[in-house]
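# Per-entry structural report
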Amino acid sequence: DEEFSESNREKLTGELMETPPRQRNTLVSATGENSPFTNPLLILPTSRKPVFPGYMSAFMVKDEATIEKLKEARDKDANSYVGVFLRKNSSLELPEKSDIIKDLNDIYSVGTFAQIQNIVKTDVGAQLIVLGHRRVSLLGIDAYGPPAVGRVKHWRKPLQTPSSDRIKAYMNEIIASIRELVKINPLLQEQLHLSTWMGRIDLNNPYQLADFATAISTAEGHELQRVLELENIEERLSVVLELLVKDRELAKLQKEINQQVEEKMSKQQREYFLREQLKSIK
């Protein structure tokens, strides 16, 4: 999955609100909090990790009926939206069934209201690229399709961004952990230009920082889902920091193992060259 930050004005959400009446998408090109409160929605499951507001995500869709419906929606309206929800116990699902919802309990109840950016046909289905806008809670499934159609409750951002010493402390620790993680993890260094990313988010906004840190985390899907579901920002930051610390310790361990392997290989190579030199001398 490739993930990209949106502009600073796209604030993340906290407080739940009832969904306003369905709005027409045809005249709407706004993003983030300015995107429409569409209802009902096509409900799509994702297997590996949840989609986060403000970030681009890509995942495979293999069911032909779902692919055709998505293309139809995209052709009819360039600003087409879906609800993306993480599948529970995805490892137990058959690959060909991973994008079909048969029961409300197949997916978590909190997901992301996302806009379809592109649909790329492949040999095994289609790659769907979406841009997350805000959190949504699934109220129910009207039809299982495929694809499923359901009703959601949109989350609205709080009127004021909460601030406290504990929140500031968490944010400082998260920023420090991200910087340290980037230094340790070579893969993350290649994928993430820290200065560019940090310039795209408001470091004084705990909601944006929390979702940015979670989006780059290598944690398991259910751990990331916990961040998506938490409404209280202090709790959310606390869990995010835990994930980053785990990522950092794992990166340190990987680096240590890699150094040990390189030292072992160097030693073996030196011994090999010495043996070859002895053969030549003899």
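Scroll up to find the structure.
Throughout what follows, the structure given in this document is the object of discussion. Quantities reported herein were computed from a predicted structural model and do not represent experimental measurements. Along each chain, residue indices are assigned from 1 in the same order as the chain's sequence is written. Selection of residues for local features in this predicted model requires a pLDDT of at least 70, selection of side-chain atom pairs for listing and counting requires 80 or more, and totals for whole chains, interfaces and linings are taken over all residues. Side-chain figures throughout are based on the complete set of non-hydrogen atoms in the structure, without hydrogens or water.

## Some remarks on the pattern of salt bridges
Note on definitions: salt bridges are taken to be side-chain nitrogens of Lys or Arg within 4 Å of carboxyl oxygens of Asp or Glu. Tallied over the full model, the rule gives 10 salt bridges. Its salt-bridge partner being aspartate 211, residue arginine 135 comes within 2.9 Å of it at the nearest N-O pair. Of this pair, arginine 135 sits in strand β6 (residues 125-143) while aspartate 211 is found in helix α5 (residues 206-215), placing the two residues 76 residues apart along the sequence. Residue aspartate 211 is classed as buried on the basis of its relative accessible area of 0%. Across the salt bridge formed by aspartate 142 and arginine 151, the nearest N and O atoms sit 2.7 Å from each other. Shared partners join several salt bridges into a network, and the residues in it are Glu180, Arg248, Glu249 and Lys252. Put simply, DSSP marks the helices as runs of H or I at least four residues long and the strands as runs of E at least two long, and each gets a number from the N terminus on. Whether a residue is buried, partly exposed or exposed follows from its accessible area with a 1.4 Å probe, protein chains only, as a fraction of its type maximum: under 20%, in between, or over 50%, in that order.

## Details of the pairing of β6
Looking along a regular strand, one sees side chains alternate from face to face of the sheet. When you tally the buried positions in β6, you get 14 out of 19 residues, the bulk of the element. Here the rule is simple: two strands pair whenever DSSP picks up at least two bridges between them. Sheet topology note: the strand β3 (residues 56-61)/β6 ladder contains 6 bridges and is antiparallel. Residue pairing in the sheet places phenylalanine 59 in a bridge with leucine 128 of β6. Both strand β5 (residues 110-122) and β6 contribute to a ladder of 12 bridges, which runs antiparallel. Bridge pairing in β6 links lysine 121 to alanine 126.

## Points about empty space enclosed by the protein
Gaps between atoms show up when a probe of the same size as a water molecule is rolled over them. The distinction between a cavity and a pocket rests on a 1 Å grid over the protein atoms alone: a 1.4 Å probe fits inside a cavity but cannot get out, while a pocket stays open yet meets protein on both sides within 12 Å along at least five of seven lines, and a residue with an atom within 4 Å of a point counts as lining. Grid points are joined across faces, edges and corners, and a volume is the space filled by probe spheres set on the points. Under the criterion given, the structure shown has 2 cavities of 30 Å³ or more. There is about 30 Å³ of room inside the second largest cavity. Lining the second largest cavity, in full, are Ile43, Leu44, Pro45, Thr66, Asp99, Ile100, Ile101, Pro146, Pro147 and Ala148. Looking at the lining of the second largest cavity element by element, the count peaks at 3 residues for strand β2 (residues 41-46).

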